[in-house]
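Residues per chain are reported as follows:
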Amino acid sequence: QVQLVESGGGLVQPGGSLRLSCAASGIILSIADMGWYRQAPGKQRELVARITKDASTNYAESVKGRFTISRDNAKNTVYLQMNSLKPEDTAVYYCNADVRSIGGWRDYWGQGTQVTVSS
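Residues numbered from 1 in each chain as written. Predicted model: local features only at pLDDT ≥ 70, side-chain atom pairs only at ≥ 80, totals over all residues. Heavy atoms only, no water.

J.: So, the side chain of S101: which residues are in play, and what are the values?
T.: Residue placement: S101 occurs in strand β9 (residues 91-101). Owing to a relative accessible area of 1%, S101 belongs among the buried residues under this scheme. Side-chain polar atoms of S101 contact the backbone oxygen of I27, separated by 2.6 Å. The residues touching S101, leaving out its near neighbours within four places in the chain, are Q1, V2, I27, L29 and Y108. (Helix = DSSP H or I, 4+ residues; strand = E, 2+ residues; numbered from the N terminus. Buried < 20%, exposed > 50% of the residue type's maximum accessible area, 1.4 Å probe, protein only. Polar contact = N/O pair within 3.5 Å; in protein donor to acceptor, adjacent residues only side chain to side chain. Contact = heavy atoms within 4.5 Å.)

J.: Tell me about the pairing of strand β7 (residues 67-72), residues and numbers included.
T.: Side chains F67, I69 and R71 of β7 all project onto a buried face; the interleaved residues T68, S70 and D72 project onto a face where none is buried. Two strands pair when backbone bridges link them, and β7 and strand β8 (residues 77-82) are joined in this way by 6 bridges, in the antiparallel orientation. Pairing of I69 across the sheet is with L80, part of β8. Between β7 and β8, which follow one another and run antiparallel, lie 4 residues, and N76 among them has a positive phi close to 55 degrees. (Pairing = 2+ DSSP bridges.)

J.: I'd like a description of the pattern of salt bridges, backed by residues and values.
T.: Under the definition given, this model contains 6 salt bridges. Two residues, E46 and R38, come together in a salt bridge whose shortest N-O distance is 2.7 Å. Given the relative accessible area of 37%, E46 is considered partly exposed. Several salt bridges share partner residues, and in doing so they unite R38, E46, R66 and D89 into one network. (Salt bridge = Lys/Arg side-chain N within 4 Å of Asp/Glu carboxyl O.)

J.: Account for the packing of aromatic side chains, naming residues and giving values.
T.: Evaluation of the coordinates by the stated rule reveals 1 aromatic pair. The ring of Y94 is capped by R45, whose NZ or CZ atom sits 3.8 Å from the centre of that ring. Looking at R45, its charged tip hangs above the ring of W109, at a distance of 4.7 Å from the centre. (Phe/Tyr/Trp six-rings, centres within 6.5 Å; stacked < 30°, edge-to-face > 60°. Lys NZ or Arg CZ within 6 Å of the ring centre and 35° of its normal.)

J.: Lay out the pairing of strand β10 (residues 104-109) with the relevant residues and their values.
T.: Note: β9 against β10, 6 bridges, orientation antiparallel. When the bridges of β10 are listed, A97 appears paired with Y108. Between β9 and β10, which pair antiparallel in sequence order, lie 2 residues.

J.: An account of the sheet that holds β7 is needed here, citing residue identities and associated values.
T.: The strand order across the open sheet built from 4 strands is β1-β3-β8-β7, with neighbouring strands paired in antiparallel fashion. Strand pairing shows two members of the sheet lacking a second neighbour, β1 (2-7) and β7, which therefore form its edges. Put simply, the sheet's adjacent strands are angled 15 degrees from each other on average, direction ignored. (Axes fitted to C-alpha atoms, helices over the stretch in contact; angles between N-to-C directions.)

J.: Break down the state of the cysteines for me, citing the residues and quoting the values.
T.: This model, assessed by the stated rule, comprises 1 disulfide. Note on cysteine connectivity: C22 is disulfide-linked to C95, with sulfurs 2.1 Å apart. With the S-S dihedral at roughly -80 degrees, the linkage between C22 and C95 falls on the left-handed side. Taken as a pair, C22 in strand β3 (residues 18-26) and C95 in strand β9 lie far apart in primary sequence, 73 residues in all. Using a relative accessible area of 0% as the deciding quantity, one classes C22 as buried. (Disulfide = S-S within 2.5 Å.)

Everything listed here is a matter of coordinates, which is why it stays silent on function.
Now the structure itself:
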């Protein structure tokens, strides 16, 4: 019913930038919070940033001042601008959204996009 599709990952050198996008599609009646999580090899998935429908945000301490989350409610899309990237930011990044569809509210996840920070 609802799909989240991420794009924008890739290989970047330390200090570089990437912009991730995640578009929700399907039968969408409303979207509440949207967010980005990441999972590095051998580690648990962790919150990177979340944004409410009225654009209130929160960030992991490790990315504050470097990453910016934003959303376009008209396009059902959330973005993550990542600047000053570090090797420790290397992970698979997952989009998450709380979506109201035909069956009610549900938590959806994207398939993930790889971000690799390396020289």
